[in-house]
Amino acid sequence: MRLLFLGDLVGRCGRNAVIERLPGLIADYRLDFVIVNGENAAGGFGITEEILRAVVGSGADAVTTGNHVFDQREALVFAERQERFLRPLNFPAGTPGRGTGLFTARNGASILVINAMGRIFMDPLDDPFAAIDREIEQCPLRAAADAIVVDFHAEASSEKQALGHHLDGRVSLVVGTHTHVPTADCRVLPGGTAFQTDVGMCGDYQSVIGMDKEEPLRRFLHKIPGERFTPAKVSATIAGLAVDIDDGTGLATAVAPVRLGGVLSEAVPAIWS
Ligand SMILES: [Fe+2]
Ligand SMILES: [Fe+2]
């Protein structure tokens, strides 16, 4: 099974690059399942239902989020009815929406997607390790799901790497999101779980984590907030992770970075050729 995970869409530039390019990627490389983190898709803050529909319409099978999930207030409503939309699992009980989804891939496989958020340098939340364990116990790899993907939306590299090791052999992929910068450590862990500390963003990298650099610079230099942060919008890089998953074991056989367009060096996975 060929899976593609794309990092946080940032603003119009990032989301349009993905919406325009994704149908071709799915067709050209025969991708079975695509997950996109959409937490910054609407002007850098949250996602609207209209944008969600466009991203799903372009071929995303699941859209994950993170700390910005409810920046657009309408997400509090559509989170309940949009089954491909996930918010972090370990939010307080009673939060609208769901943190996991069981989906059918284009090859017929069932894929459990789990979206959870870290707690280091982030808002206090329930224990993500225990919350993910509970989900996997209810829907174990092979017995109930052909593949399991965890989007761990977290700031600290240590927390993301610890989760990767904790889940190694029990899920197909643990991938970090939130920092908007791709790390160079993607690999298959000893137990067969594909892992990357952070997948990076789909957005304009000539920026400060996707935002136009003027305002962040002003705040760092003078400590005086001026205007709102706005997404940089010259040229987006699509940043993601390609994962090959064994149909029998549900574990990863290969993993490679994807970088398309914009200012980062291009990377088309050799495993797709
Ligand atoms: Fe983000
Ligand atoms: Fe985030």
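Note that the structure is a prediction, hence the values are computed from the model and not measured. (Residues numbered from 1 in each chain as written. Chains lettered and ligands numbered in written order. Predicted model: local features only at pLDDT ≥ 70, side-chain atom pairs only at ≥ 80, totals over all residues. Heavy atoms only, no water.)

### Some thoughts on the coordination of the iron ion (ligand 1)
Six octahedrally arranged donors around a metal ideally form angles of 90 or 180 degrees; four tetrahedrally arranged donors ideally form angles of 109.5 degrees.
Phase 1 of the analysis: Looking at the iron ion (ligand 1), one finds its protein donor set to be Asp8 (OD), Glu39 (OE), Asn40 (OD1) and His180 (NE2), positioned 2.0 to 2.2 Å from the metal centre.
Phase 2 of the analysis: Relative to the metal, the 4 donor atoms surrounding the iron ion (ligand 1) lie at angles of 87 to 165°, and the coordination shape comes out irregular.
Phase 3 of the analysis: In terms of primary sequence, the donors binding the iron ion (ligand 1) are separated according to D-x30-E-N-x139-H.
Phase 4 of the analysis: For the pair the iron ion (ligand 1) and the iron ion (ligand 2), the metal-to-metal distance amounts to 3.4 Å, and Glu39 bridges them. With Asp8 in the loop between β1 (2-6) and α1 (11-28) and His180 in the loop between β7 (173-177) and β8 (187-188), this residue pair connects regions lying 172 residues apart in the sequence. (Donors = N, O, S within 2.8 Å, 3.2 Å for Na, K, Ca; no water. Tetrahedral: all angles 85-135°; square planar, octahedral: opposite > 155°, others 65-115°. Helix = DSSP H or I, 4+ residues; strand = E, 2+ residues; numbered from the N terminus.)

### What about the layout of surface pockets?
Phase 1 of the analysis: Taken as a whole, the largest pocket encloses approximately 280 Å³ of empty space.
Phase 2 of the analysis: Across the lining of the largest pocket, the residue classes tally to 7 nonpolar, 6 polar and 3 charged. (1 Å grid on protein atoms, 1.4 Å probe; cavity = no way out; pocket = protein on both sides within 12 Å on 5 of 7 lines; lining within 4 Å. Points joined across faces, edges and corners; volume = space filled by probe spheres on them. Nonpolar A, V, L, I, M, F, W, Y, C, P; charged D, E, K, R; others polar.)

### Observations regarding the sheet that holds strand β11 (residues 252-260)
Phase 1 of the analysis: Strand order in the open sheet formed by 5 strands is β3-β2-β1-β10-β11, with mixed pairing between adjacent strands. With one partner strand each, in any of the chains shown, β3 (62-64) and β11 form the two edges of the open sheet. For this sheet, the mean angle separating the axes of adjacent strands, direction not counted, is 20°.
Phase 2 of the analysis: Contacts from α1 reach β1, β2 (33-37), β10 (238-245) and β11, with the element oriented near 170° to β1. (Pairing = 2+ DSSP bridges. Axes fitted to C-alpha atoms, helices over the stretch in contact; angles between N-to-C directions. Contact = heavy atoms within 4.5 Å.)

### Focus on a nonpolar patch on the surface
Phase 1 of the analysis: Side chains of Val181, Val208, Ile209 and Phe220 sit close together on the surface and give an oily, nonpolar patch of about 390 Å² of accessible area.
Phase 2 of the analysis: Within the secondary structure layout, Val208 lies in the loop between β9 (194-196) and α6 (214-222).
Phase 3 of the analysis: For Val208, a relative accessible area of 30% gives the class partly exposed. (Patch = residues over 30% accessible without salt bridge, like charges linked within 9 Å, V, L, I, M, F, W, Y side chains within 5 Å. Areas by Shrake-Rupley, 256 points an atom, 1.4 Å probe, with all protein chains shown as cover. Salt bridge = Lys/Arg side-chain N within 4 Å of Asp/Glu carboxyl O. Buried < 20%, exposed > 50% of the residue type's maximum accessible area, 1.4 Å probe, protein only.)

### Concerning the coordination of the iron ion (ligand 2)
Phase 1 of the analysis: Here the iron ion (ligand 2) is held by Glu39 (OE), Asn67 (OD1), His153 (NE2) and His178 (ND1), and the distances to it run 2.1 to 2.2 Å.
Phase 2 of the analysis: Coordination at the iron ion (ligand 2) is irregular: its 4 donor atoms span angles of 87 to 148° at the metal.
Phase 3 of the analysis: Along the chain, the residues donating to the iron ion (ligand 2) fall in the pattern E-x27-N-x85-H-x24-H.

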